[in-house]
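Coordinates in review
Each chain is listed here by its residues.
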Amino acid sequence: MPDPTTVSVPHEPTEVLLDSDFMRRLEQLEIRARRIHTARQAGERRSRRKGESAEFADYREYSVGDDIRHIDWNVYARLERLFLKLFLEAEELHVSILLDVSASMAFGSPSKALYAKRIAAALAYIGLCRQDRVGLYAFHHQLVGRLSGLRGRHHTMRAMQFLQQASIDGESHFSNAARQFALSHTQGGVILILSDFLDKHGYEVGLRHLLGRRLDIYLLQILAPEERTPNLTGDLKLVDCEDGGVAEVTISRPLVERYRSNLKAHCDGLSAFCARRGIHYLFTPTDQTVESILLTTLRQRGLVR
Amino acid sequence: MTFLSWPTAILAGTIAFPLLLLLYFLKLRRQERRVSSTLLWRKAIEDLQVNSPFQRLRRSLLLLLQCLVFIALLTAIANPMARFTRMPGRRVVILIDHSASMNALEPTGKSSTSMTTRLEQAKQAAVMFVNQMPADSQAMVIGFADRASVECSFTDDKRLLRERIESIPPTDAVARISEALELAGAYGHPDVIDSQRATAALPADADAPANRPSNVEVELFSDGRISDLGSPTDSHAGPSSRDESSSPRTRNVTPGITPGAIERLGRFQYVRIGQAVDNAGIVGFDVRRDLERPGYLNVFVEVENFGPDSIRSDVTLLVDDKPLIHRGAVQEISLGAAGGTGDAPAGRTVMFELEQESGSVILVRWERTDALAADNEVQAVLLPPRSIRALIVTDRAPVDVFLRKPMAELFVQDITRMHPKDYETVPESRLAENGRSLYDVIFMDGHDTNRLPPGNYVFFGGLPILEGISRIGDVVGKSLVYGRESHPLLRSVSYESLFVGRWKKLALPSSTVSLVESEDSVVMAFLAEPRHKYVILAFDLLDSDFPVRPAFPIFLQNIVEYLAGGGASETGQIYQAGETVLLNVPAGAQRATIEAPRPESGRRTETLDLLERAILPYAGTQRAGLYRMRFDDALRTSSAFAVNLMDRRESQIAPQQEILLGSQRLIADDDARPTAQSLWPYAVGLALALVLLEWWVYSRRVQV
């Protein structure tokens, strides 16, 4: 079993994942967490949890046991009723990015892996700029690379190098990797999973592991146009690039239609599974630009603002 | 259109079509393509296979084309034929005439240079007929000339039928169909259902259930020149046909054919073979020694023209294949057209005279090339005038006189008289040499003896002392009621007016041939045993008026000719094709080697086992020409005889448009002849075109 902290030798030439112009635009964004997270260390982030910061948030009626230091006496003088003065709590956000680096991600033009790396790089950069605790995890049949605990913009280069050097190989086993991640990651926070989810072992078990960790889960399913509309003809022996499995097919219109309906059912099933469990699912075709994903789609879905 | 071999095609399709589908699944050399995951593809395949097991076959253009190729090939196997005028029946008897007239040469197709015989054309037509037969039809093949032979009994094996048809040999014999019809009727009898039983045994009583009609169809491939058939009309009537057909037929009965033979058969179809009419040939031939001058020969030849035009040609006489140089050896003959419409008669007799002491082969040739070559030559084997020796064993002078005088006229040069007592006592060397009698014929007058060296004996009142021969009583005052006139010994002998006062009633072996009989006893008998021949007259010559009757010298001549093989006429050595020849076997011979002529491929030699026979019947005289025999006796005796066509019916080669078969009038309708066109080449061509199309489609890799 490879060391999860090591990064495999890259098999693709190093590419610039983010250009400076896009990075400047990303600096204006921040990652939003919908849940209230308890961070061990105070951060720059205003938590929705009411707490100890100086920033006023709201009032609420006093009840027995409340800290009497937070009673707003001026209001008591006016209304003769006890109200507590609530303040927003400042906390840091854990942003974990799980990047699928299995062999199937090498498909597409540009490859799904490069596409996923760019999104991961952009989100990591947003997190680092906002002093979030950013963790990058590469997985195929298990976690095969980990770069966690990054905070601050000065870690940007490390994050970029990690992503660039993550080699695309191996058989995908998301459940295994998610279980591994859930065991090692006890904090809450936001987790983004970038994968094609074409996993023969299924995704349900893995997502259930993550749900148990009170994480704000964002799931980006990345598919290439060739996968959505296969351009195949004739009598073919389809070889699975991950496990070498073979499917002998004679391409016909009914077969292609059946494939597309199966793909739609697969995506719909994933979406429905996520919707029922409060997981944010986002279908991400690679023919959509990374900029539009980040600046438009993810904004609309509330992951960034 | 019909399919001749559809069961074969169905069988092939049943076996091969699933194989094609199987191969279609197995044969694909699928192109390998790497994909991100086969997860969804497998599911899609499973879904489709669950919905439809043959989903992968659906809308596969390549498979569709392959199926079309396959169907085209199956169609070719089924042997499709364009529609022809009639379908053959389920059981067909194919009669093929291979008589002499079927050797007439006919131009092949449109080319006038290449020629083929009618027999070959008949075989081709018969083979074509067999090819066009439906697969469930059975056929048998009978070849007939002067006799019929079953070449192949009922079978549906077309290959065997074709082989047997092709193997029918040409002959120069006269065509007679009656035996073939009897055979066809017997084999096609309703009781004889399948060919196996038909070959095993003919129905024992074929006539009894003859009223039941047969489902057999008869296909007759012939030129219609069949001697035992009638010809109601004759488009090229020659003199002979005029003789044969001019008599008004009051009843539609063909002589020589039993009505049952026709009625036992079903529908007849006459396929006329041949077109040629131009032929002239020798229809009569005889060679005789001059009675006054035994060294001189008279050769009579009758030539006749059967063609529509007057002709002129030479008739040449050859001796031992060398033309004679004296005057009259070549004679130019003009013959008028058949039918006698011209000035010259259509037939003429030509006579040659030549001096010929020694034995030789006389050949007369009609020097004209026409359609039938077999009747342009006749030949005869001429034996040297040999001295015939006779022994008269008698003690009565009148008998000696009665016998000696006529025999002296019959060129019996050496006539010896011996007393019976002397006969019994003389040394063996005076009677026999090399195990054979010194005399060609021995007359025993009232003398019983067991001293019988191999030879020919005539007993007048006496008996050979042999087992089974004895006297059992006297017969007095009875008349003679029967005589076997067909026997060579009684030829032209008038026995009815013969008076015999008394004779002995004889007990004779069962193999004895009775020549003359009274009401209850044999008066004259002939007994042939290995190396012995006996003519036994049960009466004393002087108890009858036989010696003074004109029949007596004729009888003696028959004896000399038949027993001793001699005489003035040489025609005994001239035979017609197909005739059975009786050959005298020399003493001590065990085997005979006979060289028979075969115009197509030289001579054919066959060896016969003689089995101690004194006379060898030889029936292999199917071809005209010279037959040579060699015996393996001590003297290595060799002899020869000639076989000639000499038949007007066969020489008149103009094919008959219409023949009368029993009560059926068969018209050769050329349009009704099968003219089916085999379509399998087109089916194969279509299959090839589809293969090319499939290859083009495959190469294009059309998205489907």
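Up top is the structure these notes are about.
Nothing here was measured: the structure is a model prediction, and the numbers come from that model. (Residues numbered from 1 in each chain as written. Chains lettered and ligands numbered in written order. Predicted model: local features only at pLDDT ≥ 70, side-chain atom pairs only at ≥ 80, totals over all residues. Heavy atoms only, no water.)

Digging into the overall build of chain B
Quick reminder of the rule: Put simply, DSSP marks the helices as runs of H or I at least four residues long and the strands as runs of E at least two long, and each gets a number from the N terminus on. Note on contacts: a residue pair is in contact if any heavy atoms of the two residues lie within 4.5 Å. In these tables, accessible area is a Shrake-Rupley quantity obtained with a 1.4 Å probe, and a residue counts as shielded only by the protein chains included in the view.
The number of helices and strands found in chain B is 14 helices and 39 strands. For chain B, long-range pairs separated by at least 24 residues make up 72% of all intrachain contacts whose partners lie at least 6 apart in sequence. If you sum the accessible surface of chain B, you get close to 32,400 Å²; carbon and sulfur atoms cover 53% of it.

Looking at the sheet that holds strand β19 (residues 389–393) of chain B
All names here are of chain B. Test applied: Two strands are counted as paired when DSSP detects at least two bridges linking them. Axis angles are defined between N-to-C directions and span 0 to 180 degrees, where every axis is a line fitted to C-alpha atoms and, for a helix, only to the segment in contact.
If you trace the 8 strands from one edge of the open sheet to the other, you get β20-β19-β23-β24-β30-β29-β28-β26, paired in mixed fashion. Every interior strand has two partners, whereas the edge strands, β20 (414–418) and β26 (480–483), have only one. Across the sheet, the axes of successive neighbouring strands diverge by a mean angle of 15°, strand direction being ignored. Inspection of the sheet shows β26 paired to strand β28 (residues 513–518) by 3 bridges, in the antiparallel sense. Across the sheet, the residue bridging to Gly 483 is Val 516, located in β28. Against the sheet, helix α10 (residues 397–409) engages β19, β20, β23 (441–445) and β24 (455–460), with an angle of about 170° to β20.

Some remarks on the interface of chain A and chain B
Reports of interface size often rely on the accessible area that becomes lost once the parts have come together. Where we set the bar: Accessible area that two parts lose when put together, with a 1.4 Å probe and added across both, is what the buried area reports. Any carboxyl oxygen of Asp or Glu within 4 Å of a side-chain nitrogen of Lys or Arg constitutes a salt bridge here. Within 3.5 Å is the distance limit for a polar contact, defined as a pair of N or O atoms, with the added protein rule that one can donate a hydrogen and the other accept it, and that residues adjacent in sequence qualify only through two side-chain atoms. For this classification, Asp, Glu, Lys and Arg are treated as charged, while Ala, Val, Leu, Ile, Met, Phe, Trp, Tyr, Cys and Pro are nonpolar and the rest, including Gly, are polar.
Between chain A and chain B, the contact holds 36 residues from the first and 26 residues from the second. Summed over both sides, the interface between chain A and chain B buries roughly 3,300 Å², with carbon and sulfur atoms accounting for 59% of that surface. Counting every contact that joins chain A to chain B gives 1 salt bridge. Across the chain A-chain B interface, the total number found is 9 residue pairs in polar contact (both at pLDDT 80 or more). Of all the secondary structure elements, the ones that give two or more residues to the side of chain A that touches chain B are β8 (235–240), β9 (246–250) and α8 (253–276) of chain A. Ranked by the residues each element gives to the side of chain A that touches chain B, the list is headed by α8 of chain A, at 8 residues. Residues belonging to the side of chain A that touches chain B are distributed by class as follows: 16 nonpolar, 9 polar and 11 charged.

Brief notes about the side chain of Asp 445 of chain B
All names here are of chain B. Rules: Exposure categories follow from relative accessible area, calculated using a 1.4 Å probe and restricted to protein chains: below 20% of the type maximum is buried, above 50% is exposed, and the middle band is partly exposed.
Note on placement: Asp 445 falls in strand β23. Owing to a relative accessible area of 4%, Asp 445 belongs among the buried residues under this scheme. In this structure the side chain of Asp 445 is engaged in a polar contact, spanning 2.7 Å, whose partner is the side chain of Arg 396. Once residues lying within four places of it in the same chain are set aside, the contact partners of Asp 445 are Val 393, Thr 394, Arg 396, Val 399, Phe 460 and Asp 540.

What to know about the pattern of salt bridges
Under the defined criterion, the tally for this structure stands at 37 salt bridges over all chains. Of the charged contacts, one joins Asp 287 of chain A and Arg 228 of chain A as a salt bridge, the two residues approaching to 2.8 Å between their closest N and O atoms. Taken together, the positions of Asp 287 of chain A in the loop between β10 (280–285) and α9 (290–300) and Arg 228 of chain A in helix α7 (residues 225–228) put the pair 59 residues apart, joining distant regions of the chain. Residue Arg 228 of chain A is classed as partly exposed on the basis of its relative accessible area, which comes to 25%. Between Glu 428 of chain B and Arg 451 of chain B there is a salt bridge, with its nearest N and O atoms 3.4 Å apart. In this pair, Glu 428 of chain B is assigned in the loop between α11 (420–425) and β21 (432–433) and Arg 451 of chain B in the loop between β23 and β24, connecting sequence segments 23 residues apart. A relative accessible area of 42% means that Glu 428 of chain B is categorised as partly exposed. Here the salt bridges do not stand alone but share partners, grouping Lys 112, Asp 196 and Glu 227 of chain A into one network.

Overview of the packing of helix α4 (residues 118–132) of chain B against helix α5 (residues 158–166) of chain B
Residues and elements named next belong to chain B. As a reminder of what qualifies: The cut-offs work like this: below 35 degrees is roughly parallel, past 145 is roughly antiparallel, 65 to 115 is roughly perpendicular, and the gaps in between are oblique.
Interhelical geometry of α4 versus α5 gives an angle of 175° and a closest axis separation of 10 Å. Accordingly, the angle class assigned to the pair α4 and α5 is roughly antiparallel. Residues Lys 123, Ala 126, Val 127, Val 130 and Asn 131 of α4 pack against Lys 158, Leu 161, Arg 162, Ile 165 and Glu 166 of α5.

A word on the nonpolar core
Soluble globular proteins tend to pack their nonpolar side chains together in the buried interior. Note the cut-off: In this description, a nonpolar core means a group of buried Ala, Val, Leu, Ile, Met, Phe, Trp, Tyr and Cys residues linked to one another through side-chain atoms lying within 4.5 Å.
Counting residues in each nonpolar core, the largest one holds 60 residues, and the members touching the most others are Phe 443 and Phe 546 of chain B. Examining the composition of this core, we find that 8 residues originate from one element, helix α12 (residues 551–564) of chain B, more than from any other. In contact with Phe 546 of chain B, other than residues within four places in its own chain, are Leu 498, Met 524, Leu 537, Phe 539, Leu 541, Ala 551, Phe 552 and Phe 555 of chain B. Ala 33, Ile 119, Ala 122 and Val 304 of chain A belong to the second largest nonpolar core, which has 54 residues in total.

Quick notes on the packing of helix α5 (residues 174–184) of chain A against helix α6 (residues 204–211) of chain A
All names here are of chain A. This is how it is decided: Less than a right angle of anticlockwise turn of the near helix away from the far helix marks a crossing as left-handed, whereas a clockwise turn marks it as right-handed.
Their axes nearest at 7 Å, the elements α5 and α6 cross at an angle of 15°. Relative to α6, the element α5 is oriented roughly parallel. α6 is crossed by α5, and the crossing has left-handed handedness. For the pair α5 and α6, the contacting residues are Phe 174, Ser 175, Ala 178, Arg 179, Phe 181 and Ala 182 in the first and Val 205, Gly 206, Leu 207, His 209 and Leu 210 in the second. For the contact of α5 with α6, the per-class residue count stands at 7 nonpolar, 3 polar and 1 charged.

Thoughts on the sheet that holds β8 of chain A
Pairing within the open sheet is mixed, and its 3 strands lie in the order β9(A)-β8(A)-β2(B). Of all strands in the sheet, those with a lone pairing partner are β9 of chain A together with β2 (31–35) of chain B, marking the two edges. Each neighbouring strand pair of the sheet contributes to a mean axis angle of 30°, computed without reference to strand direction. As defined by bridge partners, β8 of chain A adjoins β2 of chain B across 5 bridges and the pair is classed as parallel. If you follow Asp 240 of chain A over to β2 of chain B, its bridge partner there is Val 35 of chain B.

Notes on the packing of aromatic side chains
Condition: Think of it this way: a Phe, Tyr or Trp ring, Trp meaning its six-membered ring, pairs with another when their centres are within 6.5 Å, and the plane angle makes it stacked under 30 degrees, edge-to-face over 60, tilted otherwise. Over a ring means this: the NZ of a Lys or the CZ of an Arg is within 6 Å of the ring centre and within 35 degrees of the ring normal.
Evaluated as defined, the whole model comprises 19 aromatic pairs over all chains. Summarising the aromatic geometry, the rings of Tyr 203 of chain A and Phe 273 of chain A are spaced 5.8 Å apart at their centres and angled 75° between planes, so their arrangement reads as edge-to-face. Of the two residues, Tyr 203 of chain A is situated in the loop between β6 (189–195) and α6 and Phe 273 of chain A in helix α8; the sequence distance between them amounts to 70 residues. When its relative accessible area of 9% is taken as the criterion, Tyr 203 of chain A is described as buried. Look at Phe 273 of chain A and you get buried, because its relative accessible area is 5%. Each member of the aromatic cluster is reached from another via a ring pair, and the members are Phe 139, Phe 174, Phe 197, Tyr 203 and Phe 273 of chain A. The ring of Phe 273 of chain A has Arg 277 of chain A sitting right over it, with the charged end atom 3.7 Å from the ring centre. The cationic tip of Arg 389 of chain B hangs over the ring face of Tyr 439 of chain B; the distance from NZ or CZ to the ring centre is 5.0 Å.

Details of the pairing of strand β29 (residues 522–529) of chain B
Residue and element names in this part refer to chain B. Counting buried positions along β29 yields 6 of 8 residues, so the element is predominantly enclosed. Where β28 lies against β29, 4 bridges are found, and the strand directions are antiparallel. Across the sheet, Ser 514 pairs through a bridge with Ala 525, a residue of β29. Where β28 folds back on β29, the antiparallel hairpin that results is connected by 3 residues. Looking at chain direction, β29 and strand β30 (residues 532–537) are connected through 6 bridges and run antiparallel. From the neighbouring strand, Leu 527 faces β30, where its bridge partner is Tyr 534. Counting the residues between successive antiparallel strands, the hairpin from β29 to β30 contains 2 residues, one of them, Arg 531, with a positive phi of roughly 70°.

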